[in-house]
Amino acid sequence: MLPAAFCNTVLQSHKTCHLLVKRTFINYVFNRVSDKRRKEVGPDRACAEWLMRNGAFIRWIGQSEFVSHYNLLPLDKKIEGTFYIEEVKADQNASIMYYGFRHFEGCNHINKLTLDNVKTIDDRAIKRLNYLQHTLKYLYIGDCKEVTAESLPYLTQLQKLKLLHLKNLNIKDYTLLEEKLPPDCKITIE
């Protein structure tokens, strides 16, 4: 007969594994891109829905307040085309992931992105910021522990950046950024 401590450890490991698989599947479902939905409502509305479904906030051009709930999205089809995302904020409550970043494709007005302590952001997500390379002017990435030096070449593709603020990342040497980003881009590293 196996000792109770061993059985409890195996049982707990099984539960943990099951929860991880379940959480990964849920994150995939909540981050997947629906081309049908993008075609139906346009890239900005579909992107806003994705971001809010995953706990992030958006701010429309011309608006001062962030939108964080579906009920605050415009419903009238006549005015939907006039709403463009200008700013995105994701914090520790957000679960946006790299495979959802294709939602940024076609969002041609996002110029500010904040990723603050988002546990699901990693090098693969930073690689996909290329969808915003023609519009992104301000980028803050802080306390995203899965972002490593492997991300740096992808950040240099963001040639419109005016301000890059990086805080508490898993990176030791930032020399590549200073060499490859536009000279008028202010880089702040904490």
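Counting starts from 1 at the beginning of each chain's written sequence and moves along it residue by residue. Given that this is a predicted model, residues contribute local features only at a pLDDT of at least 70 and side-chain atom pairs are listed and counted only at 80 or more, while totals for whole chains, interfaces and linings are drawn from all residues. Note that water and hydrogens are dropped before the side-chain values are worked out from all heavy atoms of the structure.

- For the protein chain, an unreviewed UniProt entry supplies the name ATP synthase subunit s, mitochondrial-like and the organism Diaphorina citri.

1. Some remarks on the nonpolar core
Phase 1: Residues belong to a common nonpolar core when they are buried Ala, Val, Leu, Ile, Met, Phe, Trp, Tyr or Cys residues joined through side-chain atoms within 4.5 Å. In this scheme, a residue with accessible area under 20% of its type's maximum is buried, one over 50% is exposed, and one in between is partly exposed, where area comes from a 1.4 Å probe on protein chains only. Grouped together as the largest cluster of nonpolar side chains are 47 residues, with contacts concentrated most on Leu115, Ile121, Leu139, Ile141 and Leu155.
Phase 2: Every element with two or more residues in this core is listed here: helix 3 (43-53), strand 1 (57-60), strand 2 (85-90), strand 3 (112-116), helix 5 (123-127), strand 4 (138-142), helix 6 (152-155) and strand 5 (163-167).
Phase 3: Those residues in contact with Leu115 that sit more than four places away from it in its chain are Ala90, Ile96, Ile121, Ile126, Tyr140, Ile141, Gly142 and Cys144. Every helix listed is a DSSP run of H or I at least four residues long, and every strand listed is a run of E at least two residues long, numbered separately from the N terminus. Contacts were defined at the residue level, with two residues in contact if any of their heavy atoms lie within 4.5 Å.

2. A look at unusual backbone geometry
Negative phi is the rule for most residues except glycine; trans is the rule for most peptide bonds.
Phase 1: One non-glycine residue, Asn117, lies in the positive phi region at around 65°.
Phase 2: Of note, Asn117 is situated in the loop between strand 3 and helix 5.
Phase 3: Of note, the phi angle at Asp143 is positive, near 55°, even though the residue is not glycine.
Phase 4: Counting through the fold element by element, Asp143 comes out in the loop between strand 4 and helix 6.

3. Points about the side chain of Thr156
Phase 1: Positionally, Thr156 belongs in the loop between helix 6 and strand 5.
Phase 2: Look past the residues within four positions of Thr156 in its chain and what remains in contact with it is Leu176, Leu177, Lys180 and Leu181.

4. A short note on the sheet that holds strand 4
Phase 1: Strands were regarded as paired on the criterion that DSSP finds at least two bridges between them. The six strands are arranged 1-2-3-4-5-6 in an open sheet whose pairing can be described as mixed. The sheet is open, and its two borders are formed by strand 1 and strand 6 (186-189), each paired with just one other strand. When strand polarity is set aside, the average angle formed by the axes of neighbouring strands in this sheet is 10°.
Phase 2: Only the stretch in contact is used when fitting a helix axis, every axis being a line fitted to C-alpha atoms; angles between N-to-C directions are given from 0 to 180 degrees. Contacts from helix 3 reach strand 1 and strand 2, with the element oriented near 150° to strand 1.

5. A few points about the packing of aromatic side chains
Phase 1: Only Phe, Tyr and Trp rings are paired, with Trp represented by its six-membered ring, and only when their centres lie within 6.5 Å; those with planes under 30 degrees apart are stacked, over 60 edge-to-face, the remainder tilted. Evaluated as defined, the whole model comprises five aromatic pairs.
Phase 2: Relative to Phe101, the ring of Trp50 has its centre 5.9 Å away and its plane inclined at 75°; by these criteria the two rings are edge-to-face. Here Phe101 lies in the loop between strand 2 and strand 3 and Trp50 lies in helix 3, a separation of 51 residues in the sequence.
Phase 3: Exposure remark for Trp50: the relative accessible area of 0% places this residue in the buried category.
Phase 4: Relative accessible area serves as the criterion here: at 1%, Phe101 is assigned to the buried category.
Phase 5: Between the aromatic rings of Trp50 and Phe104, the centroid separation amounts to 5.3 Å while the plane-to-plane angle is 80°, which identifies the pairing as edge-to-face. Of this pair, Trp50 sits in helix 3 while Phe104 sits in the loop between strand 2 and strand 3, and the two are 54 residues apart along the sequence. In this pair, the class of Trp50 matches that of Phe104, namely buried.

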